[in-house]
Amino acid sequence: MYLNKSTIVMVSGCAFLYVMAGVFRLIDHNVEGFPIRISAISYLAICVICMVCIHYLGRDIPNLHARKYLTISVVILFIWQLVGLVKDVLYPEDYAINRYLWYSYYIPMLFIPNTIFISTRSAGLHNNQKIKSEWYYTLIPTTLLALGVMTNDNHQMAFSFQNGPESFYLGRSYGPLFYITMIWIFVMFGMTIGTLWSKIEVEKTKSYIWVVLLVIGIAGIYLVWRITGYKVLPWLNDMYDIPHIWAGIIIIAMELSVRLGIVRSNYNFMEFFRASTMSSSLFDADGTIRYQTSGIIPFTYEQGQEALKHNVYIDKNHRLSGRYISGGYALWTDDLSLFNDLSEKLSDTQEHLKEENNLIKAENEIIARRAKADERNKLYDLMAQSVSPELDIIEDLITNTTPDSPDFKERLSAACVYKAFIKRYCNLTLLAQDREELSSFELENSIRESMQYIQLRGIDCDLVKFGEGYFPAEGLLLAYSMFERAIVVATNMESIVVEIAANERGFRMNLHIYGDQMGLKGSDFDDFDEKLEKLGGKRRFIEEERSIYLRVDIPKTRKLADGESGREGDAA
């Protein structure tokens, strides 16, 4: 457990104040002749310790919710010291107000364990996450018990006095409400320990929790003896009252939990650095390495200082970066080998796309020369009109992206999806020039290739086929275009399932898209309705909370002959 100089000074100073607080109370109880109650100094010393603890909680605990509730616990402890100061120093023992101040001791005794327990529920959560609301319900019995103690004069179910509440200082007996209160306090501490045990991420740290449990257990036993009137160590009774004992328990337990790594804090990162595969280091203000991962990429001192100003390239595949932090600075190395590989693949893909584009143009020229003049013009106009938007999009995606772009992978995969559509759409168009009908296998083959590129974007794809048949070529082109429209317009897709069913009643394409807020609407397919009507087909679009369903129906034209598979092959 590493302790820097400031931490050692803080711990030593707080320990000294705590001991001196007990010494002043011991002197006050055993030495007469002082003009004032010097035991007041003991309460003020504990208040100083509480303020130091609040400061270090704000610095050491990164989780906002855990820090808030731990701070609330210490603030309650701070107020308790002031209440104890008023009770013991300012008013004589037989004053009625002292009875209510004594009752009020049970408010922090109940709420401090409860707020600490709520803080432990935040362990492992991000700052933008909140604990489950049902854990706040534990404050209900805590509040009811506190109200029960404070109204003891009316029912005396917590404490009963032989000569009435006015003689409370002469002695008391305990009722059922007192025992329920003490049980609830220990239940809260038990639930706190159990929560910490379940949320410790480093197995080695679990052994440290027994240290905290031992501190709480010893103090708890002493408090039980103290409350029930047993004089275990008379001089210790004179040194520390109940508020002082609680302050010692809570602050020592908090400090041990932070320093031993039981509570996630800005200390004890050694286990993290040992397990990390990153290349990173933490330095103090003097430039001394405090933490360093085993997989560190070597760099010079000059490179490290330069990295605090701007990124430094150690070599082609490693970039050194740095940042100043509280008490020092951090340096880490980014592995750029993956980006460099993607950059090379991007260059190859750009060349491939150029070749594909040139191939399409060459094929169009060959078909145009062999066909009649009107068919040639018709084909040229159809191809140019159909794929020119996609070609423009591909050019924009490739031209305006670099390997350093944050959306490099997304743009590259999107270009591949458009490329696949262009290739397959042109293939279907070419096949349609020689025949009016095409096998449903051609559409299946086209969609399957598009899915191969869609999967590069991390989207799960599945294609299911039921039967084959011949259908109007225009219908297959239309179905493939509607598929392409859906996957291009929809955003935040998680998975795609396509079902192609062909039988004697007709052809159907079912497209299921799953994801959140995909932005795809039924109106995105309105421009296909007129063509569908001419073919005698129809479509159906259903939008649900996390899924979109598109169905396209095209009537059947003829059955497959015996022994005929319907597999035309890939013409492109």
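Since this is a predicted model, take the numbers as computed values, not measurements.

Conventions used here
- Numbering of residues starts from 1 in every chain and runs along the sequence as written.
- Predicted model: local features are reported for residues with pLDDT of at least 70 only, side-chain atom pairs are reported and counted for 80 or more only, and whole-chain, interface and lining totals are derived from all residues.
- Side-chain measures were taken over the full set of non-hydrogen atoms in the model, leaving aside hydrogen atoms and water.
- Only residues whose relative accessible area exceeds 30% and that form no salt bridge are eligible for patches; like-charged ones are grouped when within 9 Å, while nonpolar side chains (Val, Leu, Ile, Met, Phe, Trp, Tyr) are grouped when within 5 Å.
- Accessibility throughout is a Shrake-Rupley quantity obtained with a 1.4 Å probe, and a residue counts as covered only by protein chains that appear here.
- Here, a salt bridge means any Lys or Arg side-chain nitrogen found within 4 Å of an Asp or Glu carboxyl oxygen.
- In summary, the charge assignment counts Lys and Arg as positive and Asp and Glu as negative, without counting His or the chain termini.
- Lysine's charge is taken at NZ, arginine's at CZ, aspartate's at CG and glutamate's at CD.
- Secondary structure follows DSSP: runs of H or I at least 4 residues long count as helices, runs of E at least 2 residues long count as strands, and numbering of each begins at the N terminus.
- Buried residues are those whose accessible area, probed at 1.4 Å on protein chains only, stays under 20% of the maximum for their type, while exposed residues exceed 50% and partly exposed ones sit between those limits.
- Two strands form a pair only when DSSP identifies at least two bridges running between them.
- Geometry is summarised by axes, namely lines fitted to C-alpha atoms with helices restricted to the contacting stretch, and by angles between N-to-C directions that run from 0 to 180 degrees.
- When describing relative orientation, an angle under 35 degrees is termed roughly parallel and one over 145 degrees roughly antiparallel, while 65 to 115 degrees is termed roughly perpendicular and anything else oblique.
- It only takes one pair of heavy atoms within 4.5 Å for two residues to be counted as in contact.
- For this scheme, ten residues count as nonpolar: Ala, Val, Leu, Ile, Met, Phe, Trp, Tyr, Cys and Pro. Four count as charged, namely Asp, Glu, Lys and Arg, and the remainder, Gly too, count as polar.
- Think of it this way: a Phe, Tyr or Trp ring, Trp meaning its six-membered ring, pairs with another when their centres are within 6.5 Å, and the plane angle makes it stacked under 30 degrees, edge-to-face over 60, tilted otherwise.

Colleague: Even after reading the chapter, I still don't get a negative patch on the surface, so can you show me in this structure?
Modeller: The grouping of Asp-341, Glu-344, Asp-348, Glu-351 and Glu-355 at the surface amounts to a negative patch. Looking at the secondary structure, you find Asp-348 in helix α14 (residues 337-370).

Colleague: How should the environment of Ala-285 be read in this particular structure?
Modeller: Along the chain, Ala-285 falls in the loop between β3 (279-284) and β4 (289-292). Classification of Ala-285 by relative accessible area gives exposed; the value is 67%. Sequence-wise, Ala-285 and Gly-328 are 43 residues apart; in three dimensions their C-alpha atoms are separated by 4.1 Å.

Colleague: Sorry, what's going on with the pairing of strand β14 (residues 547-554) here?
Modeller: Along any regular strand the residues' side chains alternate between the sheet's two faces. Within β14, eight of the eight residues are buried, leaving the element largely enclosed by the surrounding structure. Here β14 shows no split at all, with Ser-547, Tyr-549, Arg-551 and Asp-553 on one side and Ile-548, Leu-550, Val-552 and Ile-554 on the other all buried. When strand β13 (residues 538-543) meets β14, the two strands line up antiparallel, connected through six bridges. Note on β14: the bridge partner recorded for Arg-540 is Arg-551. Remark: three residues form the turn of the hairpin made by β13 and β14, two consecutive strands paired antiparallel.

Colleague: I'm lost on the packing of helix α5 (residues 106-120) against helix α6 (residues 139-150) in this one. Help?
Modeller: Helix-helix packing: each pair is described by the crossing angle between the helix axes and the interaxial distance. Where α5 contacts α6, the axes come no closer than 9 Å and their chain directions differ by 175°. When the axis of α5 is compared with that of α6, the two are roughly antiparallel. Of α6, the residues touching α5 (which contributes Tyr-106, Ile-107, Leu-110, Phe-111, Asn-114 and Ile-118) are Leu-139, Thr-142, Thr-143, Leu-145, Ala-146, Val-149 and Met-150. Of the residues belonging to the contact of α5 with α6, the class tally is 10 nonpolar, three polar and no charged.

Colleague: How do you make sense of the sheet that holds strand β6 (residues 318-325) when you look at a structure like this?
Modeller: Through backbone hydrogen bonds, the strands of a sheet pair up, either in parallel or in antiparallel fashion. Taking strand neighbours across the sheet as the criterion, the five strands line up as β4-β3-β7-β6-β5 in an open arrangement whose pairing is antiparallel. Edge positions in the sheet fall to β4 and β5 (312-315), since each has one partner strand and no second. With direction set aside, neighbouring strand axes in the sheet form an average angle of 25°. Bridging between β3 and strand β7 (residues 328-335) involves six bridges; their strand directions are antiparallel. Bridging from a neighbouring strand, Phe-283 pairs with Tyr-329 of β7.

Colleague: Teacher, can you tell me more about the packing of aromatic side chains here?
Modeller: Remark: the centre distance and the inter-plane angle together describe each pair of aromatic rings, the angle taken between the planes. Applying the stated rule across the entire model yields 24 aromatic pairs. Residues Tyr-103 and Phe-159 carry aromatic rings whose centres are separated by 6.2 Å and whose planes lie at 10° to one another, so their mutual orientation is stacked. On the criterion of sequence distance, the pair formed by Tyr-103 in helix α4 (residues 96-104) and Phe-159 in strand β1 (residues 159-160) is long-range, its members being 56 residues apart. For the pair Phe-283 and Tyr-329, a centre-to-centre distance of 4.9 Å together with 10° between the ring planes defines the contact as stacked. Here the residue Phe-283 occupies a position in strand β3, and Tyr-329 occupies one in strand β7, the gap between them amounting to 46 residues. The buried category is assigned to Phe-283, whose relative accessible area is 10%. Judged by its relative accessible area of 7%, Tyr-329 falls in the buried class. Among the aromatic side chains, those forming a connected cluster through ring pairs are Tyr-100, Trp-102, Tyr-103, Tyr-106, Phe-159, Phe-161, Tyr-174, Phe-178 and Tyr-179.

Any functional reading would require information beyond the geometric quantities listed.
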